[in-house]
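Structural description and commentary
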Amino acid sequence: MAALGYIEILDAKGNVSERHGVVALPLNLGRAYTNQIILNDPYVCPLHLAIALDEQGRLIARDLDSINGLREGGAEARVATLELHSGTQFRIGHTLLRYCSIDHPLAPTAIDRSEKASRLASPYTSIGVGLLVLAMFCLDSYLSSIERMKFVDIVSDPLPMISIVLGWAGLWALASRIVVSGFHFPQHLTIAGTAIVANTSLRILSEWLEFFFPALPVLWSTALFGSGLILAALVYGHLGFASPLRRRSRLWTALVISGAMVGMNAITDYAARGKFSTVMDYNGILKPVDASFLPATSVEQFFADSQKLKTELDSLAHKAKSAQP
Amino acid sequence: MKLINYIAALVLFLTLAPVRNSLLAQPVRATTPEIFKQYSEHVVKIEVVETGSAAKASLGTGFFADGLGRIVTNYHVISKLIHSPERYRIEITDVAGRTGAASVLGVDVVYDLAVLRAERRPKGFLALDAKPIEQGTRLYSLGHPRDLGLTIVEGTHNGLLQHTLYPKIHFTGSLNPGMSGGPTLTQAGKVVGINVATEGNQISFLVPAERATALLDRTAKVEKPAAASFLAEVGQQILTNQTRYLAGMFEPNTPRVALGPYDLPTKPTEFFHCWADAVRRKELPYASVSHDCSTDDYIFVSSEQSSGIVRFFHQLLSTEELHPLRFFTLYSGQFQAGNAAMFGNEEEVTPFRCETRNVSAATGKLKTVLCARQYLKLPGLYDAVFKAATLGSRNAGLVTTLSLSGVSFDNVQSVSRRYLENIKWRR
């Protein structure tokens, strides 16, 4: 016999965890094995709820004098009876249920985006990204050294960093194996590698920007926000393969983690700035460019702007003096 | 026989003549024990005592300069009291071991002198004498080296130091810590200088007596100034003094030195000392040539602060084999090196604040940085570092640094600006 509708047991997030067809009425729910729908919930009575049609043909759920009662949806108040329409949610004990008729409207079919994910899963992608990271590290070690270097030095310098990246991807793969039963190592490696490439590119870009426009605090702001975004993307990407979280939850988790890191960084930075030090904090990045491309201020302007230093120092001195006994 | 007697008399006369002449020239030739015995009672040990713990915070020497109980010593002996009058007091002890209190009447921070007044009247005093003295004259210095008791040190006068900002007598004798502020006397007991500094190996320096006379004259009518007013006076003396010595520094007529493609300032005045050095080693893929100038003289402000030191340093880096990006790693590193001041604590200075720009100077473009910090107890005085790096070349660069200590902000700006205008490219 075809079902009239379905009683669905929902989990805490509202997802369906069990579905029972309603083939005959009345229908009883409870912990006892005599019920048509048996609930494994200690707060539910052995015989808790009956669902039946009334004289007008309405579908009614009725509390069978249970200890913990019947509630509609998220409401607190107990009800003795509840009329069920398609989509009505109700609660007995700690169990959330929903009634759906067979003609209950459905959400549109989701488009499968796993093709993209499979490209990410391809070992060729991982190898490509891995080689890119290696090349970037090698170039960085070559450019940041001012001594004569042999090829073997250039290649061996970044090896510790490479092993850290592999270890990082490995830990995520282990987490994936535990949580979602699959290692997804190439995916994790690709994600970590991409984040490193993005971060290095951002650093180089901000160094050049700060060299060209020293009055702008580019390095400081990119360190704070750019790296924060990359960190969020990294966590979001890893969680995609290491957790069953939905896209929205992953996004929030990633943003919260990255926000916390950025916030801690900003606080440390602020605290360090307030602390006394004899170090002159300036950015002395120099780059080999043709002088004609370089935007520059006049000598007059430089010394006129330096008046701001005096104002700042005067206020620092004033603050320091008022803090001293 | 007559002739023999005559010759004998002539020989005797000639032999005795020098003795007679010297006896006429120096009728009194006091020995060192006599000098010590005669003058030591006018010399006192000066201790700056922390009021809370009654522990001694600094030690020096001083001497009575008149019958009213005025004592001459060094400013640096009592500088702690000037900076924190509420925390310290002065205690003096004479050679007989009698102690007493003293208060400050006036200071001359530029020449490192102070005049105190003892509470009790002295039995006698030492006279100051500003008359020029011949090089080689024997002198006697009195003081309390390392608190070992009053000591007399013999030495010689070797004239005034050449090329110094503040005149000092070069005394060849061993001055030691604790003797600061003590008198250096002639055999006749006249004070020609006040012990102030030593560079070891018998190289010592004295403040000429006329500076002490000037300070004594200036404070002749002073009764008992408020302790708090001295800091303002110290600040004012430093400001007035620096206006004098910084005024013409780095004007367009400053001597030049060629460093690679650059034409740079060197030895702006006689009181600068300059050195040059070059690093060209086979194992290094670059070369470095440096030129360093600084003033030797400085004004002692406190144990962690000094004023008046001007130092500048040019460093030319060049390479024929490093890739421009690699060379600029080195160049940036050198531009950012040495970015910490040696001294400074939270009670005396603010942290540094810096301004960085790309500047278009008359002959080329430079990256310039100006960092400054303010003195907290001497308002209006700043330490500053001005740095510039030339831009545009792919395999050579010049980092030049000018450091100024304890100067007004106007002087920071004007001296740095004149310095920058002196950095030129050779055409």
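Computed from a prediction, not measured in an experiment: that's the story for all the values here. (Residues numbered from 1 in each chain as written. Chains lettered and ligands numbered in written order. Predicted model: local features only at pLDDT ≥ 70, side-chain atom pairs only at ≥ 80, totals over all residues. Heavy atoms only, no water.)

When you go through chain A residue by residue, the secondary structure sums to nine helices and twelve strands. At 32 Å, chain A has a C-alpha radius of gyration far larger than the 20 Å of a compact globule built from 325 residues. When its C-alpha atoms are laid out on the principal axes, chain A stretches across 95 × 60 × 35 Å. Counting every position in chain A, which comprises 325 residues, the buried fraction comes to 36%. Restricting to contacts in chain A with at least 6 residues of sequence separation, those with at least 24 account for 42%. When the accessible surface of chain A is summed, it comes to about 19,600 Å², and 64% of that surface belongs to carbon and sulfur atoms. (Helix = DSSP H or I, 4+ residues; strand = E, 2+ residues; numbered from the N terminus. Rg over C-alpha atoms; globule rule 2.2 N^0.38 Å. Buried < 20%, exposed > 50% of the residue type's maximum accessible area, 1.4 Å probe, protein only. Contact = heavy atoms within 4.5 Å. Areas by Shrake-Rupley, 256 points an atom, 1.4 Å probe, with all protein chains shown as cover.)

Moving on, we get to the overall build of chain B. Along the backbone of chain B there are seven helices and 24 strands. Structurally, chain B occupies a C-alpha span of about 95 × 75 × 40 Å along its principal axes. Sorting the 427 residues of chain B into buried and exposed places 53% on the buried side. Counted over contacts in chain B with a minimum sequence separation of 6, partners at least 24 positions apart contribute 62%. Element-wise, carbon and sulfur atoms account for 55% of the exposed surface of chain B, whose accessible area totals about 19,000 Å². Considering chain B, the positive charge centre built from 45 side chains and the negative charge centre built from 38 side chains are found 3 Å apart. (Lys, Arg positive; Asp, Glu negative; His and termini not counted. Charge placed at Lys NZ, Arg CZ, Asp CG, Glu CD.)

Take the packing of aromatic side chains next. As enumerated under the stated definition, the model contains 22 aromatic pairs over all chains in all. One cation-aromatic arrangement involves R250(A) over Y236(A); the distance from NZ or CZ to the ring centre is 4.4 Å. Here the basic side chain of R326(B) rests over the ring of Y142(A), its NZ or CZ set 4.3 Å away from the ring centre. (Phe/Tyr/Trp six-rings, centres within 6.5 Å; stacked < 30°, edge-to-face > 60°. Lys NZ or Arg CZ within 6 Å of the ring centre and 35° of its normal.)

Once that is clear, we can look at the sheet that holds strand 5 (residues 99–108) of chain B. Residue and element names in this part refer to chain B. Strand order in the closed barrel formed by six strands is 1-2-3-6-5-4, with antiparallel pairing between adjacent strands. Neighbour to neighbour, the strand axes of the sheet diverge by 40 degrees on average, direction disregarded. Pairing geometry for strand 1 (residues 43–50) and strand 2 (residues 56–64), over seven bridges, is antiparallel. Its bridge partner being in strand 2, V43 is matched across the sheet by F63. (Pairing = 2+ DSSP bridges. Axes fitted to C-alpha atoms, helices over the stretch in contact; angles between N-to-C directions.)

What follows is about the sheet that holds strand 24 (residues 424–425) of chain B. Residue and element names in this part refer to chain B. One open sheet accounts for three strands, arranged 13-14-24; its pairing is antiparallel. The strands lining the two open edges of the sheet, one partner per strand, are strand 13 (256–259) and strand 24. Strand direction decides the pairing type here: strand 13 and strand 14 (residues 262–265), joined by four bridges, are antiparallel. Its bridge partner being in strand 14, R256 is matched across the sheet by P265.

Residues and elements named next belong to chain A. Nonpolar side chains collect at one region of the surface, where L166, L171, L174, I178, V179, F183 and F185 lie side by side and expose about 700 Å² of accessible area between them. Sort the elements by how many residues they give to the nonpolar patch and helix 4 (residues 159–180) lands first, with five residues. Following the sequence through the fold, F183 ends up in the loop between helix 4 and helix 5 (185–212). (Patch = residues over 30% accessible without salt bridge, like charges linked within 9 Å, V, L, I, M, F, W, Y side chains within 5 Å. Salt bridge = Lys/Arg side-chain N within 4 Å of Asp/Glu carboxyl O.)

All right, on to the state of the cysteines then. On inspection of all chains with the given rule, the structure shows two disulfides over all chains. Taken in sequence order, the bonded cysteines of chain B link in the pattern 1-2, 3-4. (Disulfide = S-S within 2.5 Å.)

Accessible area lost during the coming together of the parts is what is often quoted as the interface size. Listed as interface residues are 54 residues of chain A and, on the opposing side, 65 residues of chain B. Buried area between chain A and chain B, summed over both chains or domains, comes out near 5,500 Å², and the portion from carbon and sulfur atoms is 62%. Counting across the interface, chain A meets chain B through four salt bridges. The salt bridge partner of E300(A) is R417(B), with a shortest N-O separation of 2.8 Å. Between the two partners, chain A and chain B, sit 27 residue pairs in polar contact (both at pLDDT 80 or more). When contributions to the side of chain A that touches chain B are tallied by element, the ones reaching two or more residues are helix 2 (123–143), helix 5, strand 12 (297–298), helix 8 (299–305) and helix 9 (307–323) of chain A. With eleven residues, the single largest contributor to the side of chain A that touches chain B is helix 9 of chain A. Residues that form the side of chain A that touches chain B fall into these classes: 29 nonpolar, twelve polar and 13 charged. (Buried area = accessible area lost by both parts, 1.4 Å probe. Polar contact = N/O pair within 3.5 Å; in protein donor to acceptor, adjacent residues only side chain to side chain. Nonpolar A, V, L, I, M, F, W, Y, C, P; charged D, E, K, R; others polar.)

Before going further, it helps to spend a moment on the pattern of salt bridges. With the rule as written, the count across this model stands at 29 salt bridges over all chains. Where E47(B) meets K56(B), a salt bridge forms, and the shortest distance between an N and an O atom there is 3.9 Å. Residue E47(B) is classed as buried on the basis of its relative accessible area of 10%. Overall, K56(B) belongs to the partly exposed group, its relative accessible area being 42%. Residues D147(B) and K56(B) are paired through a salt bridge, measuring 2.5 Å at the closest nitrogen-oxygen approach. One end of the pair, D147(B), is in the loop between strand 7 (138–143) and strand 8 (151–160); the other, K56(B), is in strand 2, and 91 residues separate them in sequence. Here the salt bridges do not stand alone but share partners, grouping D140(A), R203(A), E207(A) and K287(A) into one network.

On to the environment of V22(A). All names here are of chain A. Tracing the chain through its elements places V22 in strand 2 (residues 16–22). Overall, V22 belongs to the buried group, its relative accessible area being 4%. When the C-alpha positions of V22 and L4 are compared, they lie 5.6 Å apart, and in sequence the two are 18 residues distant. Beyond its immediate chain neighbours, meaning those up to four positions away, V22 contacts A3, L4, G5, Y6, I7 and L27.

In short, shape yes, function no, at least from these values alone.
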